[in-house]
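# Coordinate analysis (summary)
As a plain string of letters, each chain reads:
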Amino acid sequence: MIKEIEIYAKENGVPIMLPDGIEYLCNYIQENNIKSILEIGSAIGYSAIKMALVSEDITITTIERDKERYDLAINNIKKMNLDDCIKVIYGDALEVEVDGKFDLIFIDASKGHSIDFFEKYSPLLSSDGTIVTDNLSFHGLVENESLAVTKNQKGLVRKIKNFINFLDNNQEFVTTYINVGDKISITKRK
Ligand code: SAH
Ligand code: MG
């Protein structure tokens, strides 16, 4: 079943977490005893399912704005019998209302809006919680800007760099970067 989701993602160009990235994240969840998770960017439910499988008492709220992917996420989660622990919200994460406290906020949506997601959702982070953000390398373009050729790519590289700068200069949070998947950040309160 998980394998089928991976194959579907590959065949349809759905940018799910890369194997070492999701493995790192799941280990982090286990080691840090994380129980409540908010995910921005469900796509077809792959990472939410993987995270929910870490332990039976994990609950996840995940947000997806693309209707087709949202429907697939709902189906995949149901097939895995995880609909009691994963709640999928259909909508734009910049607009929907979410409440609750989360041990982990996982930002994996539009690369250009990470600061907005961070600012909107960090108040929902539990005192000892972690914010993880994916895609800080953008396939190497952030480290090697000359690889960015289109206007769109250049714009995204600039926004990702802004986000990294925002994290590095944050008064309230401290961040480390891990080179797994497309590079992730691990952010905690100081
Ligand atoms: N976390 C998933 C992959 C997410 S891909 C996994 O690893 O399995 C990024 C997803 O974020 C896309 O499906 C895209 O539609 C969604 N997205 C982008 N911007 C969004 C926003 N503002 N609100 C909600 N979803 C968004
Ligand atoms: Mg990603």
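Preceding block: the structure.
The notes below deal with the structure included here. (Residues numbered from 1 in each chain as written. Chains lettered and ligands numbered in written order. Predicted model: local features only at pLDDT ≥ 70, side-chain atom pairs only at ≥ 80, totals over all residues. Heavy atoms only, no water.)

### Looking at the overall build of the protein
- Tallying secondary structure elements over the protein gives 6 helices and 7 strands in all.
- When the helices and strands of the protein are placed in sequence order, the string is α-α-β-α-β-α-β-β-α-β-α-β-β.
- In terms of overall dimensions, the protein is globule-like: its C-alpha atoms have a radius of gyration of 16 Å, near the 16 Å expected for 190 residues.
- On the principal axes, the C-alpha backbone points of the protein span a range of 45 × 40 × 30 Å.
- The buried share of the protein, taken over its 190 residues, is 50%.
- If you take every contact in the protein between residues at least 6 apart in sequence, the share linking residues at least 24 apart comes to 64%.
- Carbon and sulfur atoms make up 47% of the accessible area of the protein, which amounts to about 9,800 Å² in all.
- Each charge sign in the protein was given a centre, from 22 positive and 30 negative side chains, and these centres are 5 Å apart. (Helix = DSSP H or I, 4+ residues; strand = E, 2+ residues; numbered from the N terminus. Rg over C-alpha atoms; globule rule 2.2 N^0.38 Å. Buried < 20%, exposed > 50% of the residue type's maximum accessible area, 1.4 Å probe, protein only. Contact = heavy atoms within 4.5 Å. Areas by Shrake-Rupley, 256 points an atom, 1.4 Å probe, with all protein chains shown as cover. Lys, Arg positive; Asp, Glu negative; His and termini not counted. Charge placed at Lys NZ, Arg CZ, Asp CG, Glu CD.)

### Considering the site of ligand 1
- Taken together, 21 residues are adjacent to ligand 1, and Met17, Glu64, Arg69, Ala93 and Asp108 come closest.
- Within the side chain of Ser47, a nitrogen or oxygen atom sits 2.9 Å from a nitrogen atom of ligand 1.
- Arg69 has a polar side-chain atom sitting 2.8 Å from an oxygen atom of ligand 1.
- Protein coverage of the free-state accessible area of ligand 1, which is 590 Å², stands at 94%.
- Listing elements by their share of the shell around ligand 1, those giving two or more residues are helix 3 (46-52) and strand 2 (59-64). (Near = heavy atom within 4 Å. Polar contact = N/O pair within 3.5 Å; in protein donor to acceptor, adjacent residues only side chain to side chain.)

### Considering the pairing of strand 1 (residues 36-40)
- Burial runs high along strand 1: 5 of the 5 residues are buried.
- Burial of strand 1 is two-sided: the residues Ser36, Leu38 and Ile40 facing one way and the residues Ile37 and Glu39 facing the other way are all buried.
- Bridge count for strand 1 against strand 2 is 5 bridges, and the pairing is parallel. By the bridge assignment for strand 2, Ile40 is matched with Ile63.
- Tracing the backbone out of strand 1, into helix 3 and back to the parallel element strand 2 gives a crossover that is right-handed. (Pairing = 2+ DSSP bridges. Right-handed = clockwise from strand over helix to strand, strands pointing away.)

### Some remarks on the sheet that holds strand 4 (residues 102-107)
- Strand order across the open sheet formed by 7 strands is 3-2-1-4-5-7-6, with mixed pairing between neighbours. The open sheet has two edge strands, strand 3 (86-90) and strand 6 (173-178), and neither has a second partner. The mean inter-strand angle of the sheet, taken between neighbouring strand axes irrespective of direction, is 15°.
- Sitting on the sheet, helix 2 (residues 19-31) is in contact with strand 1, strand 4, strand 5 (125-133), strand 6 and strand 7 (184-189), with an inclination near 20° to strand 7. (Axes fitted to C-alpha atoms, helices over the stretch in contact; angles between N-to-C directions.)

### With respect to the state of the cysteines
- If you walk through the whole model with that rule in mind, you get 0 disulfides.
- We note that Cys26 lacks a disulfide partner, and the nearest cysteine sulfur, in Cys85, lies 13 Å from it.
- On the basis of relative accessible area, Cys26 is assigned to the buried category, the value being 12%. (Disulfide = S-S within 2.5 Å.)

### Let's talk about the environment of Lys87
- Looking at where Lys87 falls in the secondary structure, it is placed in strand 3.
- Among the residues examined, Lys87 registers a relative accessible area of 52% and is labelled exposed.
- Each C-alpha atom of the pair Lys87 and Ile74 lies 8.7 Å from the other, and the pair is 13 residues apart in sequence.
- Non-local contacts of Lys87, meaning those with residues more than four positions away in its chain, are made with Ile60, Thr61 and Thr62.

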